[in-house]
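Examination of the molecular architecture
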Amino acid sequence: MSSISASVSMSKNKEKNADRSYKATGAFPSSSTSSTKSDSYTPADQFVYSPAVSTNNVAETGNPDTSLLPVNTSLLTYGKLSITKVMKMFIKNRLYFNDRGLIVKDLSTMPEFESLKKQHFNKQRGLRDHESNSNFDLEHTYESIGLQQDDDDDYEYDEESQESYDKDDALSVISCMSCLSTNSLTTLDHPEERSKLLYEHDKDISVEDLTASQRLEDALEPDVEAVSRNDLKLKTIELPNNSIIPFRNILNCKVLNWKDYELETTNPDPKDIQEFDFIVEIVFAKNRRIDVIPRSSIIRCSYEEYQNLIKICGYDALESDDTITHQPTLKELVLFKSFPNPVERNKILVIINPNGGKGKAHKIFHSKSKPILLASSKAQIHIKETTYHRESYHFIKNHPNLLKYNIICCASGDGIPHEVLNAIYHRPDRSKIFQEMVISQIPCGSGNALSLSCHGTNNASLATLNILKGRVEQMDLMTCQQKSYQENLDQIDNEEIAQNTRVSFLSQAYGIIAESDINTEYLRFIGPSRFELGVTAQVLRKKRYPCDVMVQFGKENKHEVKQHFLENLKQKTRDQHSGKGIFDEELNANIYTFDGKQEFRELTESDLLPKYHLTDTEEHELPDSSWSLLDSSITKNLNIFYGGKMPYIAPDTKFFPAAIHNDAFIDLVISDSKTSITRMASILLNLDKGYHVIQPEVTHLKVKGYRLIPHVAKTVISVDGEKFPLEPLQCEVLPKVCKMVMMEQGGFKETGFESM
Ligand SMILES: Nc1ncnc2c1ncn2[C@@H]1O[C@H](COP(=O)(O)OP(=O)(O)OP(=O)(O)O)[C@@H](O)[C@H]1O
């Protein structure tokens, strides 16, 4: 049995108490235990590691007794010393699991830690206690082995993004992380060694180990860059006492001495197994100013805590189940708790629009998002950077083997997701792709509504964490039909001619909102405020945009909209309590049992088709009797027509606070120019809270479809922020067709509409 486990076991009873309170109480085990000869340790002087060992005069004279050499289970070395062994020497953190994460105790806060540390360090060199030099400069030796301050020098702080994120609501879990300080120490800053160590058992997915057929596929994608795991520069830090790492922030886990444990269990002495200490490397997303950054920490975990985690995961209750064939490893359990959503999103295609936002998408992705993705347990990342307008559409539409990826992340504004979704929609295998593929956004543009609504943030690092952790659900899309899709052949590529339908995931606008969106492109350099500026200018000019609107009602008035929203909220809670997931009230998230599965709707081609064709009826004819014409007293004076599917269109703007991702309705918000400027100003000032929809002057409906017939010769229609032809537009909802990463508890970021 290892000396670490032996020594720690001496204080087992005391630590049991500490386990309950998570407070450092009682003394650290007596130093007498440290003389126990370890079976799994190789004395450090066998490795003749320098400079740490060679600068130590005692170690240089050390004469190895090879008969004491144990089976060395570690293959990787740092210098000549095994990484596992180096790490073992300095581990002073111990972890305790609870249902939400792990609590780290710093053993060094205990009075006898210093003497224990010296003894332990000496033992690594094969020294007995009395041989220890009293002037032995332990701290110096630590430093020479590569310890350094976690000053985050490698992290580039972006003042501008700080400004734009200031008002952004950080994800709630992040506050849990505020207890992690940055004053910590060690690093093994050898990216190659580190990535090999962390991904030792994930060879099947390592970039270096691509199979021949994968290489061939990569050759078919000449502009796509495969990101090597060696790009991960991960600092290893020690954590302050009582730090909490929520499972939600854990990205990877590796038990460094699992082979030692297996050796123990093949020749079991129950007492030895009980006393076994796992040495675990936890990679997690740590708070750093407004972002999260990956860090790792090497922590001890007792056998008792491993058993505790088995219980927490509900595995012990399933043991009789025939489908469970082996006892899960500690790594499996930690990753299971850390990635409770069963939908795989490890084969990642990132599409970067380098022109997105203020032209910083490339930098934002590489500095804030990529490190989080790389640090996660299985992510394989491929990057496609666009070089011209609509390239992402052509790339996705013509890709020969799109399902080699299971998620497409658009590092852009809302323009690239719009192109990607349309490209999929225009593929012959669209139902299969929509069935399998997850679509998400890493917010790097001027409009990041998708990320704001689905990840609850427009911060790229927080959004990336949600991409890995959030709940994948099938979201509604909307079809758009206009006659000129078929006629306007110059502007769309040939293969699209066959299609007379496009899809929209976010919104369609006509009137003030559309003009503010499209006609302020020249103000792109001022960022998202260009939109607000545009709206204010149009309101002051009291412009009106006459039109006719036909709708197929879903919810006809504000009262019905509210009832529908409340009912949906109740249903969501019921679903979360149902058998497939266990709803954790405190965490406000679904926690899955060990056999947790998620079921999805099976898509067929007919699920992707609109029910009504624009060309089937005359322009002013209702598609059928289930449709109605909206009151012309509103539509002839209309100033805002806005149809949408997502609640947040900008960081401070919940334009559609009642939007539900899969309710099979499009939310419509309409207002007219009869409203006085002062009232209009007050309505617009309420956009951040979403209160505009409850103002009497504003029409708020849910519809299954609508037809908008504009009667203005010179204006614009905007769909998902893109300019669309100025002509009749017919939209219908396509229920639950596109897999997107939603908030961890499912659905959009909450808006508080229930209490408006
Ligand atoms: N390399 C490129 N050069 C020029 N245009 C590009 C390039 N890559 C993508 N685009 C186009 O940029 C448009 C907007 O993209 P995106 O949404 O990512 O940026 P954005 O800054 O958020 O813009 P918006 O404010 O319109 O949402 C899309 O129409 C896309 O086709």
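Residues numbered from 1 in each chain as written. Predicted model: local features only at pLDDT ≥ 70, side-chain atom pairs only at ≥ 80, totals over all residues.

In terms of regular secondary structure, the protein is built from 27 helices and 28 strands. Considering only residue pairs separated by 6 or more positions, the protein has 78% of its internal contacts joining residues 24 or more positions apart. (Helix = DSSP H or I, 4+ residues; strand = E, 2+ residues; numbered from the N terminus. Contact = placed C-beta atoms within 7 Å.)

Turning our eyes to something else, we now look at unusual backbone geometry. Even without being glycine, A664 reaches a positive phi, approximately 65°. Examined against the element boundaries, A664 turns out to sit in the loop between strand 23 (653–654) and strand 24 (666–672). One non-glycine residue with positive phi stands out, namely D720, at about 50°. Within the fold, D720 resides in the loop between strand 26 (717–719) and strand 27 (722–724). We classify D720 as buried; it has 30 C-beta atoms within 10 Å. (Buried ≥ 20, exposed ≤ 12 C-beta atoms within 10 Å, placed from the backbone.)

Look at the UniProt record and you will see "domain: DAGKc" (unreviewed entry) annotated at residues 343–484. Between the end C-alpha atoms of residues 343–484 there is a gap of 39 Å, over a span that is 40% helix and 25% strand. (UniProt positions renumbered as here; feature names shortened; annotations may be inferred.)

Moving on to the nonpolar core. Grouped together as the largest cluster of nonpolar side chains are 146 residues, with contacts concentrated most on V350, I408, A411, V420 and F641. The leading source of residues in this core is strand 28 (residues 729–742), at 9 residues. In terms of domain composition, this core takes at least three residues from each of domain 1 (1–189 + 233–323) and domain 2 (497–740 + 752–756). Apart from residues lying up to four places away in sequence, F641 is in contact with A509, Y510, G511, C547, V549, I670 and L708. (Core = buried A, V, L, I, M, F, W, Y, C linked by C-beta atoms within 7 Å. Domains from an automatic or database assignment.)

Lining the immediate environment of the ligand, one finds 21 residues, of which T386, S412, G413, G415 and G445 sit closest. Looking at the shell around the ligand residue by residue, the classes come out as 3 nonpolar, 14 polar and 4 charged. (Near = placed C-beta within 6 Å. Nonpolar A, V, L, I, M, F, W, Y, C, P; charged D, E, K, R; others polar.)

For helix 16 (residues 361–375), built from 15 residues, the straight-helix expectation of 21 Å at 1.5 Å per residue is met to within 8% by its first-to-last C-alpha distance of 20 Å. A maximum bend of about 45° is found in helix 16 at S369, where proline P371 lies one to four positions downstream. The buried fraction of helix 16 is high, at 12 of 15 residues. (Expected span 1.5 Å × (residues − 1). Bend = angle between axes of the 7 residues up to and from the residue.)

Moving on, we come to the confidence of the model for the protein. Any segment with low pLDDT has predicted coordinates that should not be analysed in fine detail. On average, the protein scores 74 in pLDDT, and the residues at 70 or more come to 65%. Below a pLDDT of 50 lies the segment residues 128–195, which in the model reaches 103 contacts outside its immediate sequence neighbourhood of four places, other chains included. Here residues 201–210 scores under 50 on pLDDT; set against residues more than four positions off or in separate chains, the count is 12 contacts. Interface confidence for the predicted complex, given as ipTM, is 0.96, next to a pTM of 0.78. (pLDDT = per-residue confidence, 0-100.)

So, about the environment of R541. Among the structural elements, R541 can be located in the loop between helix 24 (529–540) and strand 17 (547–555). We classify R541 as exposed; it has 12 C-beta atoms within 10 Å.

This paragraph deals with the pairing of strand 17. Counting buried positions over the 9 residues of strand 17 gives 7, a clear majority of the element. Summarising the sheet, strand 17 and strand 25 (residues 699–710) pair through 8 bridges and their orientation is antiparallel. By the bridge assignment for strand 25, D548 is matched with I709. (Pairing = 2+ DSSP bridges.)

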